[in-house]
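Here are the chains, one letter per residue:
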Amino acid sequence: MSFEGCKKCSLCNNQSPLVDKRVSADIMWVGLSAKKVEDIGTAIPLSNDTNSGKLIDNIESGLDEFRFIKANLVKCLPLDEHSKLRYPTTNEMKACYSNLKQEINKVKPKIVFLLGMKVSKFILKDIEVTITGLDKKYDYAYFRHKDIYYVSIHHPSYIHIYRRKQIDQYIFGVQSIINEVFNINLTTKKDRDMEIA
Ligand code: SF4
């Protein structure tokens, strides 16, 4: 990707952009921001050495027919004054958003899963969708925009920490969306499938 040398904000001083180098995929996972990695050349976002990455891999493992890719909204490493990982600011999200859009345009996924409310609110606002929460039974809604289905889901780390007993329901909910979108019958699709201009 051309943004791999991006220096649009100061976060690149902490770590260069962390990018999954796969060039096409059916399904994209989008987390909030990069974690610290040992080798930026080989590491990928949401890798399976984190609990989030492990849970995502668990979801993927039941769906061998699809190609997946992982990304972050903010591609460099946000650190506080004590060099601890922090949430990115809204300005940092705004600065990096064009990079994610470029990634989506190149990869052309059919589904983009938005992990957690911070990522969801920021990206859905851009397609003029407002959400106030996520379904507690993991019966997620999707929003179609320019032939891409955007789905806000609970962040896997939240599930891992606070809803561990419901991991199977979470996985089932996410996999159900994937199956539903790829088998979609446009004449019978659910009301919740909102077409955004
Ligand atoms: S966080 Fe994003 S906008 Fe900022 S330097 Fe890194 S790639 Fe560029």
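Definitions and cut-offs
Residues numbered from 1 in each chain as written. Predicted model: local features only at pLDDT ≥ 70, side-chain atom pairs only at ≥ 80, totals over all residues. Heavy atoms only, no water. 1 Å grid on protein atoms, 1.4 Å probe; cavity = no way out; pocket = protein on both sides within 12 Å on 5 of 7 lines; lining within 4 Å. Points joined across faces, edges and corners; volume = space filled by probe spheres on them. Helix = DSSP H or I, 4+ residues; strand = E, 2+ residues; numbered from the N terminus. Phe/Tyr/Trp six-rings, centres within 6.5 Å; stacked < 30°, edge-to-face > 60°. Buried < 20%, exposed > 50% of the residue type's maximum accessible area, 1.4 Å probe, protein only. Lys NZ or Arg CZ within 6 Å of the ring centre and 35° of its normal. Expected span 1.5 Å × (residues − 1). Bend = angle between axes of the 7 residues up to and from the residue. Core = buried A, V, L, I, M, F, W, Y, C linked by side-chain atoms within 4.5 Å. Contact = heavy atoms within 4.5 Å. Salt bridge = Lys/Arg side-chain N within 4 Å of Asp/Glu carboxyl O. Near = heavy atom within 4 Å. Sits in = over half its atoms within 2 Å of the grid points. Nonpolar A, V, L, I, M, F, W, Y, C, P; charged D, E, K, R; others polar.

## As for empty space enclosed by the protein
Alright, step 1. Scanning the model with the defined rule gives one cavity of 30 Å³ or more in all.
Alright, step 2. As a volume, the largest cavity reaches approximately 90 Å³.
Alright, step 3. Along the walls of the largest cavity sit 13 residues, with C6, K8, C9, C76 and C96 positioned nearest its centre.
Alright, step 4. Of all the elements, helix 2 (residues 90-107) adds the most residues to the lining of the largest cavity, at three residues.

## Some words on the packing of aromatic side chains
Alright, step 1. All told, the structure shown has eight aromatic pairs when counted by the stated rule.
Alright, step 2. Taken together, a centroid distance of 6.0 Å and an interplanar angle of 10° make the contact between W29 and F68 stacked. Of the two residues, W29 sits in strand 1 (residues 27-33) while F68 sits in strand 2 (residues 68-74), which places them 39 residues apart along the sequence.
Alright, step 3. Look at W29 and you get buried, because its relative accessible area is 0%.
Alright, step 4. With a centroid separation of 5.3 Å and an interplanar angle of 85°, the aromatic rings of Y97 and F122 are classed as edge-to-face. Highlighted residues: Y97 in helix 2 and F122 in helix 3 (residues 117-126), separated in sequence by 25 residues.
Alright, step 5. Judged by its relative accessible area of 11%, Y97 is buried.
Alright, step 6. Members of the aromatic cluster, connected to one another through ring pairs, are W29, F68 and F113.
Alright, step 7. Its end group placed over the ring of Y87, K118 keeps NZ or CZ at 4.5 Å from the ring centre.

## Remarks on helix 2
Alright, step 1. With 18 residues, helix 2 should reach 26 Å at 1.5 Å per residue; the first-to-last C-alpha distance of 25 Å fits that figure.
Alright, step 2. Considering bend angle alone, the principal kink of helix 2 is centred on C96 and spans about 40°.
Alright, step 3. Listed as buried for helix 2 are E92, M93, C96, Y97, N99, L100, E103, I104 and V107.
Alright, step 4. Positive backbone phi, at 55°, marks K108, one or two positions downstream of helix 2.

## Notes on the nonpolar core
Alright, step 1. Among the nonpolar cores identified, the biggest contains 60 residues, and W29 and F113 are the most heavily contacted of them.
Alright, step 2. Element by element, the count of residues in this core is highest for helix 5 (residues 167-182), at seven residues.
Alright, step 3. Sequence-distant contacts of W29, that is, excluding residues within four places in its chain, are made with L46, I56, I59, E60, F68, I69, K70, A71, F113, L115, I153 and V174.

## A look at the pattern of salt bridges
Alright, step 1. Following the criterion strictly, the structure yields seven salt bridges and no others.
Alright, step 2. Of the charged contacts in the structure, one is a salt bridge between K21 and E4, with a shortest N-O distance of 4.0 Å. Taken as a pair, K21 in the segment before strand 1 and E4 in the segment before strand 1 lie far apart in primary sequence, 17 residues in all.
Alright, step 3. With a relative accessible area of 31%, E4 lands in the partly exposed category.
Alright, step 4. Between E92 and R86 there is a salt bridge, with its nearest N and O atoms 2.8 Å apart.
Alright, step 5. Classification of E92 as buried rests on a relative accessible area of 11%.
Alright, step 6. Using a relative accessible area of 25% as the deciding quantity, one classes R86 as partly exposed.

## Details of the site of the ligand
Alright, step 1. Near the ligand the following residues occur: C6, K7, K8, C9, C12, P17, V74, C76, A95, C96 and N99.
Alright, step 2. Structurally, the ligand is housed in the largest cavity.
Alright, step 3. Ranked by residue count, the leading element in the shell around the ligand is helix 2, at three residues.
Alright, step 4. Residues belonging to the shell around the ligand are distributed by class as follows: eight nonpolar, one polar and two charged.

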